[in-house]
Amino acid sequence: MTKLDAPTAKRGRPPKAKAAGAADTRDLILDAAEDLFSKHGFYGVTIREVAREAGVDTALVHYYFGAKRGLFDAVFLRRAEVWNNERVDAINRYAAEMGEGMTLEGLFEAFLRPPFQWSMKGGPGWKHYSALVAQTNANPTFGGETMARYYDPAIRRLIELIKRVLPDAREVDLYWAYHNLSGALTLTLGETGRLDRLSGGLCRSGDLESACDYMVRFAAAGFRAVCAPGPSAPA
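Residues numbered from 1 in each chain as written. Predicted model: local features only at pLDDT ≥ 70, side-chain atom pairs only at ≥ 80, totals over all residues. Heavy atoms only, no water.

Trainee: Just checking my understanding: could you explain the overall build of the protein for this structure?
Mentor: Scanning the protein from terminus to terminus reveals ten helices and zero strands. In the protein, the succession of α and β elements from N to C terminus is α-α-α-α-α-α-α-α-α-α. Taking all 235 residues of the protein together, the buried fraction comes to 44%. Across the protein, every contact between residues at least 6 apart in sequence was considered, and the portion connecting residues at least 24 apart equals 75%. As presented, the protein carries roughly 12400 Å² of accessible surface, and 56% of it is formed by carbon and sulfur atoms. (Helix = DSSP H or I, 4+ residues; strand = E, 2+ residues; numbered from the N terminus. Buried < 20%, exposed > 50% of the residue type's maximum accessible area, 1.4 Å probe, protein only. Contact = heavy atoms within 4.5 Å. Areas by Shrake-Rupley, 256 points an atom, 1.4 Å probe, with all protein chains shown as cover.)

Shown next, in the form of structure tokens:
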């Protein structure tokens, strides 16, 4: 059984180790911090609270991660590497297999499916991480810098391949199109329940399988519309 074959995940707190030596202390701290940051945001969590949640002394948190921002960055990087590596590998394989036959739908399927799959089947920690990314992407204080540091290389590779499908697209249109997709993606992965209430229960924000299918179509159509030849972009 692979990691992604595990039972569908539900939002909640990952189980703590029964003894200090039962799991790697560093990962215990990261799991606790990820849970708390996802619920209360960067500014709503203290090192002391993380230490209490992880069952360790505060000095140990400082020993491994330094100040709170160092801890937050470590939480963010841990799963970002997994997302990015899988997404880049997927779009590179797709490009190698399809060559000039690439489509936007195929590219977005390859690029978007990994984060949805991890959030669905990767365990509670991935639910927490998805919620944390949604918060960070909308944070005007340090969100832009954090997202750029951890996600821009993978996004730039996607845009390189989109240019092969849409060779006449202007750079400005490509980046505006991705900006819109980025907001939709992180909001959807955050599973806020907004969609459930708005639709009167017709749609469920936790139905990530359907969400990914819709987003692939949405992204492909959006890029075609935004990048179509036409008047100059508005100021």
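Now, onward.
Trainee: What should I look at first to understand a nonpolar patch on the surface in this one?
Mentor: Taken together, the side chains of V172, W176 and V226 present a nonpolar region at the surface, about 260 Å² in accessible area. You can see V172 is positioned in helix α8 (residues 171–189). For V172, a relative accessible area of 36% corresponds to the partly exposed category. (Patch = residues over 30% accessible without salt bridge, like charges linked within 9 Å, V, L, I, M, F, W, Y side chains within 5 Å. Salt bridge = Lys/Arg side-chain N within 4 Å of Asp/Glu carboxyl O.)

Trainee: What exactly am I supposed to notice about the layout of surface pockets here?
Mentor: Which parts of space are left empty comes out when a probe the size of a water molecule is rolled across the atoms. The computed volume of the largest pocket comes to approximately 560 Å³. In terms of lining residues, the largest pocket is bounded by 18 residues, among which T188, L195, C203, A211 and Y214 are the most central. Elements represented by at least two residues in the lining of the largest pocket include exactly α8, α9 (194–198) and α10 (208–227). Element by element, the count of residues in the lining of the largest pocket is highest for α10, at five residues. In terms of residue class, the lining of the largest pocket is made up of nine nonpolar, five polar and four charged. Taken as a whole, the second largest pocket spans an internal volume of roughly 470 Å³. (1 Å grid on protein atoms, 1.4 Å probe; cavity = no way out; pocket = protein on both sides within 12 Å on 5 of 7 lines; lining within 4 Å. Points joined across faces, edges and corners; volume = space filled by probe spheres on them. Nonpolar A, V, L, I, M, F, W, Y, C, P; charged D, E, K, R; others polar.)

Trainee: Would you mind going over the packing of helix α4 (residues 68–98) against helix α6 (residues 124–137) with me for this structure?
Mentor: The relative placement of two packed helices is expressed as an angle between their axes plus a distance between the axes. Where α4 meets α6, the axes come as close as 11 Å, and the angle between the chain directions of the two elements is 110°. By the angle between their axes, α4 is roughly perpendicular relative to α6. Contacts between α4 and α6 pair F72, V75, F76, R79, A80, V82 and W83 from the former with G125, W126, Y129, S130, L132, V133 and T136 from the latter. Of the residues in the contact of α4 with α6, the class split is ten nonpolar, three polar and one charged. (Axes fitted to C-alpha atoms, helices over the stretch in contact; angles between N-to-C directions. Parallel < 35°, antiparallel > 145°, perpendicular 65-115°, else oblique.)

Trainee: How should I be thinking about the packing of aromatic side chains in this particular structure?
Mentor: Each aromatic ring pair is characterised by the separation of its centres together with the angle its planes make. Counted according to the given criterion, the structure contains 19 aromatic pairs. Between F37 and F42, the aromatic rings sit 6.1 Å apart at their centres with planes inclined by 20°, giving stacked as the arrangement. The ring of F42 has K68 sitting right over it, with the charged end atom 4.5 Å from the ring centre. (Phe/Tyr/Trp six-rings, centres within 6.5 Å; stacked < 30°, edge-to-face > 60°. Lys NZ or Arg CZ within 6 Å of the ring centre and 35° of its normal.)

Trainee: Where do I start with the nonpolar core in this structure?
Mentor: Proteins that are soluble and globular tend to have nonpolar side chains buried together. Membership of the largest hydrophobic core comes to 66 residues, with the highest contact counts inside it found for L71, F108, F116, Y151 and F223. A per-element tally of this core places α4 first, with eleven residues. With near-sequence residues (within four places) excluded, L71 lies in contact with I29, L30, A33, F37, I47, V50, V61 and F65. (Core = buried A, V, L, I, M, F, W, Y, C linked by side-chain atoms within 4.5 Å.)

Trainee: Is there a simple way to explain the pattern of salt bridges in this structure?
Mentor: Opposite charge on two side chains permits pairing when their charged atoms draw close. Taken as a whole, this structure holds 18 salt bridges when the rule is applied. Measuring nitrogen to oxygen at the nearest pair gives 2.8 Å for the salt bridge that ties R113 to D213. Separated by 100 residues along the polypeptide, R113 in helix α5 (residues 104–121) and D213 in helix α10 bring together distant segments of the chain. As a salt-bridge pair, E160 and R157 come within 3.0 Å of each other at their nearest N and O atoms. A residue pair is termed a helical-turn pair when its members lie 3 or 4 positions apart in one helix, as E160 and R157 do in helix α7 (residues 143–165) at three residues. Judged by its relative accessible area of 43%, E160 is partly exposed. On the basis of relative accessible area, R157 is assigned to the partly exposed category, the value being 25%. If you follow the salt bridges from partner to partner, you end up with D27, D31, E34, R78 and R79 in one network.

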